[in-house]
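Report on the structure
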Amino acid sequence: MAVYKKVSFERNGVRRGILCDNPQQGPSALVAAYNILAIRHSSVYGKEGPFDEDTIKGLIRGTLKDAHDLLGRSVSRSARRQASRAIDDLVPTRTDVRPLPSGALSFEVNDLYMLFCHLGIDLMHGWVADPESSVYELVKDLSPAKLAQHCASLEGLEEKRDDLARQLTAYGQETIKCLLNDSARQLTAYSFASLLEKIEEGEFEVVFMSEQI
């Protein structure tokens with residue numbers, strides 16, 4: 001079972017603590033969720049580490065229960081079970097959050113995404129397609145895996161179409177391939193340019209990235 005080291009930092013003169021990803025496991029939604037909750041809800045460093053997976057899941061489960069108790073009957077039993085199941089399924093070697101290129105707040109809805117919603121954690125990503133692109137309507141609701149499948153389905157179609165259709169297919173295919181290449185970096189040129197436009201002089205943004213998308 002993976003073990004995670006706890007490190008400290010100071011903010012406004014108060015010592016706080018976050019966990020570091022295990023270098024042998026790579027980035028983890030488990031650690032990300034814990035760190036966000038720790039920074040949001042704790043004003044002190046808390047218990048010394050290191051922490052194992054079961055301990056982290058227990059802490060997240062406690063926060064989830066508090067959130068559900070606060071919301072009361074507005075959260076259905078099935079939704080509670082879904083969120084609890086997502087905690088059980090948190091795997092240190094996989095970050096199963098699937099962004100959609102339609103917008104920075106758009107994700108494929110699955111158990112892990114819903115867990116973050118239940119915990120009150122807003123997710124954003126930088127894998128956003130340009131709305132002015134000719135293939136935007138085609139790709140906006142496709143995850144990287146589904147987009148790769150679609151791109152593969154276009155292979156060989158050029159030989160079966162007239163010159164104009166062949167050019168459009170080739171252009172669309174190249175555009176989609178560029179978007180897929182950007183998925184490895186998790187940041188598209190359009191998203192990066194949009195981010196720069198929003199930053200005022202003297203401000204800065206910190207972008208957290210995962211090795212798995």
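Residues numbered from 1 in each chain as written. Predicted model: local features only at pLDDT ≥ 70, side-chain atom pairs only at ≥ 80, totals over all residues. Heavy atoms only, no water.

Focus on the environment of leucine 142
Examined against the element boundaries, leucine 142 turns out to sit in the loop between α5 (136-139) and α6 (144-154). With 43 residues separating them along the chain, leucine 142 and proline 99 place their C-alpha atoms 8.5 Å apart. Among all residues touching leucine 142, those that are not within four sequence positions of it are Pro99, Leu100, Pro101, Trp127, Leu147 and His150. (Helix = DSSP H or I, 4+ residues; strand = E, 2+ residues; numbered from the N terminus. Contact = heavy atoms within 4.5 Å.)

Some words on the pattern of salt bridges
A complete count under the given rule lists six salt bridges for this structure. Among the salt bridges present, the one from aspartate 69 reaches lysine 65, with a minimum N-O distance of 2.9 Å. Residue aspartate 69 and its partner lysine 65 are located together in helix α2 (residues 53-71), separated by four residues, close to a single helical turn. Judged by its relative accessible area of 46%, aspartate 69 falls in the partly exposed class. For glutamate 108, the salt bridge goes to arginine 98, with nearest N and O atoms at 2.8 Å. Taken together, the residues span a long stretch of sequence, with glutamate 108 in the loop between α3 (77-89) and α4 (111-118) and arginine 98 in the loop between α3 and α4 at a distance of 10 residues. (Salt bridge = Lys/Arg side-chain N within 4 Å of Asp/Glu carboxyl O. Buried < 20%, exposed > 50% of the residue type's maximum accessible area, 1.4 Å probe, protein only.)

Concerning the confidence of the model for the protein chain
Taken over all residues, the pLDDT of the protein chain has a mean of 75, while the share at 70 or more is 75%. Between the elements of the protein chain, mean pLDDT differs from a low of 60, seen in helix α7 (residues 163-185), to a high of 87, seen in α4. A low-confidence stretch, residues 162-168 stays under pLDDT 50, and its non-local contacts, those more than four residues away or across chains, total two contacts. (pLDDT = per-residue confidence, 0-100.)

Details of the packing of α3 against α4
Two numbers describe how α3 lies on α4: the axes approach to 8 Å, and their chain directions differ by 110°. Classified by the angle their axes make, α3 and α4 are roughly perpendicular. Contacts between α3 and α4 involve Ala79, Gln82, Ala83, Arg85, Ala86 and Ile87 from the former and Asp111, Leu112, Met114, Leu115 and His118 from the latter. Residues that form the contact of α3 with α4 fall into these classes: seven nonpolar, two polar and two charged. (Axes fitted to C-alpha atoms, helices over the stretch in contact; angles between N-to-C directions. Parallel < 35°, antiparallel > 145°, perpendicular 65-115°, else oblique. Nonpolar A, V, L, I, M, F, W, Y, C, P; charged D, E, K, R; others polar.)

Topic: the nonpolar core
Ile56, Ile60, Leu115 and Phe116 are the most contacted members of the largest nonpolar core, which has 27 residues in total. Elements represented by at least two residues in this core include exactly α1 (29-41), α2, α3 and α4. A total of seven residues in this core trace back to one element, the largest contributor, which is α1. If near-sequence neighbours (up to four positions away) are discounted, isoleucine 60 is found in contact with Leu30, Ala33, Tyr34, Leu37, Ile87, Leu90 and Leu119. (Core = buried A, V, L, I, M, F, W, Y, C linked by side-chain atoms within 4.5 Å.)

Digging into the pairing of strand β3 (residues 14-19)
It is a general feature of regular strands that their side chains alternate between the two faces of the sheet. In the sheet, strand β2 (residues 6-11) pairs with β3 via six bridges, with the strands oriented antiparallel. Looking at β3, one finds that glutamate 10 is bridged to arginine 15. The turn joining β2 and β3, which pair antiparallel and follow one another in sequence, is formed by two residues; a positive phi near 55° is taken by asparagine 12. (Pairing = 2+ DSSP bridges.)

Observations concerning α1
Residues that lie three or four places apart on an α-helix share one face, since the helix turns once every 3.6 residues. Between its terminal C-alpha atoms α1 stretches 18 Å, which fits the 18 Å expected from 13 residues at 1.5 Å a residue. Looking at the buried side of α1, the elements it contacts are β1 (3-4), β2, β3, β4 (51-52), α2 and α4. (Expected span 1.5 Å × (residues − 1).)

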